[in-house]
Amino acid sequence: MADAPLPEIRSLPSWQLGRAAARGRALVAEALAAEGLKMWHHVVLSAVRDLAPVAQADLGRGIGLDPKDLVGVLNDLQSANLVVRAPDPGDRRKNAVSLTEEGDRVLTRCEKAARAANEALLAPLSAQERARFMDMVGRVAGTDGDG
């Protein structure tokens, strides 16, 4: 049988990291779908929990999501009664976003599902290898120490 195509490309760390990232995203996306959510829903819920009440514009900047896309995500989350948008007490021209009680419960389930997906991703590694891997990936990504 012939070698797989593109052996030089496939031997690059960037290729391998990209494949690992794609697998991780797929595992997390599948886990979140079981909760009826997508990745950006989870990101927004998590950020709202951490920053609430947060101005909608500040939320978008904080997570790097285009304002038009953020509106769509927030519309989805508000329709599902997971977030509420209300006039910002500090500036009534802005909307402040907060989690609802249901949003907090769903976020807790999503965090558990995402952790389980990441456990599946790293299952081939021992605990010691996982710690080393996370340290090395953090250094390569330039996020060393970001948690």
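Owing to the predicted nature of the structure, the values given are computational and were not obtained by experimental measurement.

A. Fine view of the overall build of the chain. Per the secondary structure count, the chain includes 7 helices and 3 strands. What you see in the chain, going N to C, is helices and strands ordered as α-α-α-β-α-α-β-β-α-α. Scaling as 2.2 N^0.38, a compact globule of 147 residues should have a C-alpha radius of gyration of about 15 Å, whereas the chain reaches 19 Å, well beyond that. Sequence-distant contacts, at least 24 apart, represent 49% of the contacts inside the chain between residues at least 6 apart. Surface exposure of the chain reaches about 9,700 Å², of which carbon and sulfur atoms provide 56%. With 19 positive and 20 negative side-chain charges, the chain shows a separation of 2 Å between the mean positions of the two kinds.

B. Seen up close, helix H6 (residues 101–121). Taking 1.5 Å per residue, 21 residues should reach 30 Å; H6 reaches 30 Å between its end C-alpha atoms and fits that length. Taken residue by residue, H6 has Gly103, Val106, Leu107, Cys110, Glu111, Ala113, Ala114, Ala117 and Leu121 as its buried positions. Check the buried side of H6 and you find it contacts helix H2 (13–33), helix H3 (39–51) and strand E3 (91–99).

C. Structural context of the sheet that holds strand E2 (residues 83–88). Spatially, 3 strands are ordered E1-E3-E2 in an open sheet, and the strand pairing comes out antiparallel. With one partner strand each, in any of the chains shown, strand E1 (54–55) and E2 form the two edges of the open sheet. Here E2 runs beside E3; their pairing, made up of 6 bridges, is antiparallel. Looking across to E3, one finds that arginine 85 is bridged to valine 97. Running at roughly 110 degrees to E3, H3 makes contact with E1, E2 and E3 of the sheet. Sitting on the sheet, helix H5 (residues 67–79) is in contact with E2 and E3, with an inclination near 115 degrees to E2.

D. Up close: the environment of leucine 121. Turning to its location among the elements, leucine 121 is positioned in helix H6. Separated by 101 residues in the primary sequence, leucine 121 and alanine 20 place their C-alpha atoms 8.2 Å from one another. Among residues more than four places away in sequence, those in contact with leucine 121 are Ala20, Arg23, Gly24 and Leu27.

E. Looking closely at the packing of helix H4 (residues 56–63) against H5. It is at 10 Å that the axes of H4 and H5 come closest, and there the two elements cross at 110 degrees. The orientation of H4 with respect to H5, classified from their angle, is roughly perpendicular. The crossing of H4 and H5 is right-handed. Residue-level inspection shows Gln56, Leu59 and Gly60 of H4 in contact with H5, the latter providing Leu70, Val71 and Leu74. By residue class, the composition of the contact of H4 with H5 is 4 nonpolar, 2 polar and no charged.

F. Region of the structure containing the layout of surface pockets. Taken as a whole, the second largest pocket holds about 280 Å³ of empty space. Looking at the second largest pocket, the residues that line it are Ala20, Ala21, Gly24, Arg25, Val28, Met39, His42, Ala114, Asn118 and Leu121. Elements represented by at least two residues in the lining of the second largest pocket include exactly H2, H3 and H6. Of all the elements, H2 adds the most residues to the lining of the second largest pocket, at 5 residues. Looking at the lining of the second largest pocket residue by residue, the class counts come to 6 nonpolar, 3 polar and 1 charged.

Rules used throughout
Residues numbered from 1 in each chain as written. Predicted model: local features only at pLDDT ≥ 70, side-chain atom pairs only at ≥ 80, totals over all residues. Heavy atoms only, no water. Helix = DSSP H or I, 4+ residues; strand = E, 2+ residues; numbered from the N terminus. Rg over C-alpha atoms; globule rule 2.2 N^0.38 Å. Contact = heavy atoms within 4.5 Å. Areas by Shrake-Rupley, 256 points an atom, 1.4 Å probe, with all protein chains shown as cover. Lys, Arg positive; Asp, Glu negative; His and termini not counted. Charge placed at Lys NZ, Arg CZ, Asp CG, Glu CD. Expected span 1.5 Å × (residues − 1). Buried < 20%, exposed > 50% of the residue type's maximum accessible area, 1.4 Å probe, protein only. Pairing = 2+ DSSP bridges. Axes fitted to C-alpha atoms, helices over the stretch in contact; angles between N-to-C directions. Parallel < 35°, antiparallel > 145°, perpendicular 65-115°, else oblique. Left-handed = near helix turned anticlockwise from the far one by under 90°. Nonpolar A, V, L, I, M, F, W, Y, C, P; charged D, E, K, R; others polar. 1 Å grid on protein atoms, 1.4 Å probe; cavity = no way out; pocket = protein on both sides within 12 Å on 5 of 7 lines; lining within 4 Å. Points joined across faces, edges and corners; volume = space filled by probe spheres on them.

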